[in-house]
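# Overview (structure and organization)
So the chains spell out like this:
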Amino acid sequence: MSDEVIKLENVWVRYGNLTVLEDVNLTVFRGDFLGIIGPNGGGKTTLLKVILGLIKPSRGRVTVLGGSPESKRGLIGYVPQITQFDRNFPASVLDVVLMGRLGRGKLFKRYDEQDKRLALEMLKAMEMAEFKDKPIGELSGGQLQRVLVARALASEPEILLLDEPTASIDEPTKTELYELLKKLNEKVTIVLVSHDIGVISTYVDKIACLNKKLFYHGSKEVTTKTLEETYRCPVELIAHGVPHRVLRKHEEE
Amino acid sequence: MLDFLQYEFMRNALMAGLLASLACGIIGALVVVKRISLVSGGISHAAFGGVGLGYLLDFDPLLGALFFALASSLGMGLMRGRTKVSEDSAIGILWVTGMSLGVLFIGLRAGYTPDLFSYLFGSILTVSRLDLAIMFVLDMVILLVVFTFYKELLALSFDEEFATVRGVPTRYVYLTLLSMVALTVVVLIRIVGVVLVIAMLTIPATIAWQFSHKLHRIMFGSTVLSVVFTTSGLWLSYVFNSASGATIVLVSVAAFILSSTLKSLR
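First things first, this report covers the structure right here in the doc. As the structure is a prediction and not an experimental result, all values here were calculated from the model.

### Brief notes about the overall build of chain B
Helix and strand counts for chain B stand at 12 helices and zero strands. Counting from the amino terminus, helix and strand elements in chain B follow one another as α-α-α-α-α-α-α-α-α-α-α-α. For chain B, whose C-alpha radius of gyration is 18 Å, the value lies close to the compact-globule estimate of 18 Å for 266 residues. Over its C-alpha atoms, taken along the principal directions, chain B stretches across nearly 55 × 50 × 30 Å. Among the 266 residues that make up chain B, the fraction classed as buried is 57%. Considering only intrachain contacts with a sequence separation of at least 6, the fraction spanning at least 24 residues in chain B is 79%. Put simply, chain B shows about 11300 Å² of open surface, and 72% of that area lies on carbon and sulfur atoms. Averaging the coordinates of the 16 positive side-chain charges in chain B and doing the same for the 13 negative ones gives two points 9 Å apart.

Structure (structure tokens):
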């Protein structure tokens, strides 16, 4: 079970003088449920986009499922932040989920029965089946979030990447979503990033902290102690915004 | 009321209105939901350079416009995300370059000063049979391409990054969309002119969007609205002897104000 599905080696992302990711090393194994937490602007979205091959690192190596991110694109499910969407966009829930079935092989072809069946199946899994014909503009934040997860799942991915999946939804809905993800984790590797450190620690089994640099506490054996340690670190990160202090503390241990 | 149909130029004008409505209804819907009306404005003004070149070298200005519009849309699409110049600055530069070239070329043609006005603001009443044929062919190309790539165009407009991650060649789909905008610009030039093309690409689709949540219905709705606007605008310009292109645009604007008011009252 211990094969590596994502590997980042000394990855840097720079825009001019601005360093967004600094010497990031990360290994994700098959079946992991990894939570990456850190403050806004800490590079979380950038990290996901590097894994997706949407952003090329200035330095370093990214390997996904043994190949380059571009070559493995079809195998990664992506759930972007919902804030980026035009809620008035003219598409129904099913239209959106079917986008998960797109790809090079689908050019010049219509969606077939298999595509529709899978899309509906995923909507059902996300408990959104009865909304399939609704315009996306009529959904709540939590509902749209589920639709986006269903869209990512419709591509039958091996890895699921989620960007702030709980950012704009209320507490009960958050718990529900995490329960659903936990269930999905039996089949797919999940990496989710969030600035929301509250609920995340109860569901994920590994936690990394990201603020330009990545602090990964990814031991296989997750004890309450490591969870609490990692849980504390982002609190300090956010409270003081001094990442090197956190690093020093960890080095001392 | 239908007496104006006895003239051939009127029948041609009506036909031109119908052909233009199909192009601007379908592509206008995509322009509006993908929010590329500014790019479309850039392409239509760039096309004026081609109009000028047509006059200068004595070939159909519409073909010149087609060439310039396509070249500029490919240029915009290929440059996107690859240079440090922001997209809206690039659009501005394209916009003025096309216009300036057009004016320069037309000035270079000694002696005879052609009817600049008709390409700037449209002259639906002087549409020739050749123009109609060109418009028909372009319409068919647009229909075929949009029908073939409908789901990719929808995904591109909704979430380009996700489509890229799925392996859709989004750069080429975007290039295709801009090329279709270029063709639509050429279809519309005879109706409303390069300056007013942007009105026909945005107003009918924006109105249709207020009443529908499905892209293909917006395409259908804005095509119908365009037919209504071009026909009624044409008729009004005949009755009041006003400039046809500007009348069509003003009818559309009036309808937009009306529909927005109705929408906000509900």
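Further notes follow.
### Looking at the environment of B:Arg35
Relative to the helices and strands, B:Arg35 is located in the loop between helix 1 (8-33) and helix 2 (37-57). Residue B:Arg35 is classed as exposed on the basis of its relative accessible area of 55%. Between the alpha carbons of B:Arg35 and B:Ala182 there is a distance of 16 Å; along the sequence they are 147 residues apart. Among all residues touching B:Arg35, those that are not within four sequence positions of it are A:Asp86, B:Leu30 and B:Trp209.

### Considering the pairing of strand 1 (residues 4-15) of chain A
Residues and elements named next belong to chain A. As paired elements, strand 1 and strand 2 (residues 18-29) share eight bridges and run antiparallel to each other. Among the inter-strand pairings, Arg14 is bridged to a residue of strand 2, identified as Thr19. Taking the residues between adjacent antiparallel strands as the criterion, strand 1 and strand 2 are bridged by two residues, where Gly16 takes a positive phi near 60 degrees. Pairing of strand 1 with strand 4 (residues 59-64), which is carried by five bridges, proceeds in the antiparallel orientation. If you follow Trp12 over to strand 4, its bridge partner there is Arg59.

### A few points about helix 7 (residues 150-158) of chain B
The buried fraction of helix 7 of chain B amounts to eight of the nine residues, a majority that puts the element mostly inside the structure. Of the positions making up helix 7 of chain B, those classed as buried are B:Lys151, B:Glu152, B:Leu153, B:Leu154, B:Ala155, B:Leu156, B:Ser157 and B:Phe158.

### Quick notes on the pattern of salt bridges
Scanning the model with the defined rule gives 28 salt bridges over all chains in all. Between B:Arg109 and B:Asp58 there is a salt bridge, with the nearest N and O atoms lying 3.6 Å from each other. With a gap of 51 residues between them, B:Arg109 in the loop between helix 4 (87-108) and helix 5 (116-121) and B:Asp58 in the loop between helix 2 and helix 3 (61-79) connect regions that are remote in the sequence. A residue is classified by how much of its surface remains accessible, and B:Arg109, at 26% relative accessible area, is partly exposed. Using a relative accessible area of 62% as the deciding quantity, one classes B:Asp58 as exposed. Overlapping salt bridges, with partners in common, bring together A:Arg101, A:Lys106, A:Asp112, A:Asp115 and A:Glu156 in one network.

### Re helix 3 of chain B
Residues and elements named next belong to chain B. With 19 residues, helix 3 should reach 27 Å at 1.5 Å per residue; the first-to-last C-alpha distance of 27 Å fits that figure. When we look at burial in helix 3, the residues that qualify are Pro61, Leu62, Gly64, Ala65, Leu66, Phe68, Ala69, Ser72, Ser73, Met76 and Gly77. Elements in contact with the buried residues of helix 3: helix 2, helix 4, helix 5, helix 6 (129-148) and helix 9 (170-192). Its side-chain oxygen at 2.9 Å from the backbone nitrogen of Leu62, Asp60 defines the N-terminal cap of helix 3.

### Describing the side chain of B:Lys34
All names here are of chain B. Looking at the secondary structure, you find Lys34 in the loop between helix 1 and helix 2. Polar contacts involving the side chain of Lys34 include one to the main-chain carbonyl oxygen of Leu156, which spans 3.4 Å. When neighbours within four sequence positions are excluded, Lys34 is seen to be in contact with Arg80, Leu156, Ser157, Glu160, Tyr174 and Leu177.

### Things to note about unusual backbone geometry
Residues and elements named next belong to chain A. One non-glycine residue, Asn10, lies in positive phi territory at about 45 degrees. Judged by its relative accessible area of 39%, Asn10 falls in the partly exposed class. Backbone geometry places Lys212, a non-glycine residue, at a positive phi of 70 degrees. Tracing the chain through its elements places Lys212 in the loop between strand 8 (206-211) and strand 9 (213-216). By relative accessible area, which is 35% here, Lys212 ends up partly exposed.

### Some words on the interface of chain B and chain A
It is common to give the size of an interface as the accessible area lost on bringing the parts into contact. Each side of the interface is counted separately: chain B has 25 residues, and chain A has 34 residues. Summed over both partners, the interface of chain B with chain A buries about 2900 Å², with 64% contributed by carbon and sulfur atoms. With a shortest N-O distance of 2.8 Å, A:Arg151 and B:Asp159 are connected by a salt bridge. Our count for the chain B to chain A interface comes out at 14 residue pairs in polar contact (both at pLDDT 80 or more). Of all elements in the fold, only helix 6, helix 7, helix 8 (160-165) and helix 11 (215-240) of chain B reach the threshold of two or more residues within the side of chain B that touches chain A. Considering each element in turn, the side of chain B that touches chain A owes the most residues, six residues, to helix 7 of chain B.

### Considerations on the packing of helix 6 of chain B against helix 7 of chain B
All names here are of chain B. For the pair helix 6 and helix 7, interaxial distance at closest approach is 4 Å and the crossing angle is 75 degrees. Our classification of the angle between helix 6 and helix 7 gives roughly perpendicular. Counting all contacts with helix 6, which are made through Val146, Phe147 and Thr148, the residues of helix 7 involved are Tyr150, Glu152 and Leu153. Of the residues in the contact of helix 6 with helix 7, the class split is four nonpolar, one polar and one charged.

### Focus: the pairing of strand 3 (residues 33-37) of chain A
Residue and element names in this part refer to chain A. Burial analysis of strand 3 places five of its five residues in the buried class, the great majority of the element. Side chains of strand 3 alternate between two faces, with Phe33, Gly35 and Ile37 and Leu34 and Ile36 buried alike. Note that strand 3 and strand 7 (residues 189-194) share five bridges and pair parallel. The residue of strand 7 that forms the bridge with Leu34 is Val191.

### Re empty space enclosed by the protein
Residues and elements named next belong to chain A. Considering all chains together, one arrives at two cavities of 30 Å³ or more under this definition. What the second largest cavity holds in volume is close to 30 Å³. What lines the second largest cavity is Gln81, Ile82, Thr83, Gln145, Glu164, Pro165, Ala167 and Ser168. Considering only residue class, the lining of the second largest cavity consists of three nonpolar, four polar and one charged.

About the thresholds
Think of each chain on its own: its residues are numbered from 1, step by step along the sequence as written. Naming scheme: in the order in which they are written, chains are lettered from A and ligands are numbered from 1. With pLDDT at 70 or above as the cut-off, local features in this predicted model cover only qualifying residues; side-chain atom pairs require 80 or more to be listed or tallied, and sums for whole chains, interfaces and linings still use all residues. Side-chain figures throughout are based on the complete set of non-hydrogen atoms in the structure, without hydrogens or water. Starting at the N terminus, helices and strands are each numbered in turn, a helix being any DSSP run of H or I of at least four residues and a strand any DSSP run of E of at least two. With the radius of gyration taken over C-alpha atoms, the globule rule is written as 2.2 Å times the number of residues to the power 0.38. Residue exposure (1.4 Å probe, protein chains only): buried if accessible area is under 20% of the type maximum, exposed if over 50%, otherwise partly exposed. The contact criterion used throughout is that any non-hydrogen atoms of two residues lie within 4.5 Å. For the accessible areas, the method is Shrake-Rupley and the probe is 1.4 Å, while residue cover comes only from the protein chains on display. Counting rule applied: Lys, Arg positive; Asp, Glu negative; His and chain ends not counted. To locate a charge, take NZ of a lysine, CZ of an arginine, CG of an aspartate or CD of a glutamate. Paired strands, as defined in this entry, are two strands with at least two bridges between them according to DSSP. By salt bridge we mean one thing: a side-chain nitrogen of Lys or Arg within 4 Å of a carboxyl oxygen of Asp or Glu. Helix span, as expected, comes to 1.5 Å for every residue beyond the first. Counting of polar contacts relies on pairs of N or O atoms within 3.5 Å, with two restrictions inside protein: one atom must be capable of donating a hydrogen and the other of accepting it, and residues adjacent in sequence are counted only when both atoms are side-chain atoms. By buried area we mean how much accessible surface two parts lose on assembly, using a 1.4 Å probe and totalling the loss over both. A fitted line through C-alpha atoms represents every axis, and for helices the fit uses only the stretch in contact; the resulting angles, taken between N-to-C directions, go from 0 to 180 degrees. For classification purposes, angles smaller than 35 degrees are called roughly parallel, those larger than 145 roughly antiparallel, those between 65 and 115 roughly perpendicular, and all remaining angles oblique. Only Asp, Glu, Lys and Arg are considered charged, only Ala, Val, Leu, Ile, Met, Phe, Trp, Tyr, Cys and Pro nonpolar, and every remaining residue, Gly among them, polar. Space inside and on the surface of the protein is sampled on a 1 Å grid over the protein atoms alone, with a cavity defined as a set of points where a 1.4 Å probe fits but cannot get out and a pocket as an open set with protein on both sides within 12 Å along at least 5 of 7 lines; lining residues have an atom within 4 Å of a point. Grid points are joined across faces, edges and corners, and a volume is the space filled by probe spheres set on the points.

Keep in mind these values describe shape, not function.
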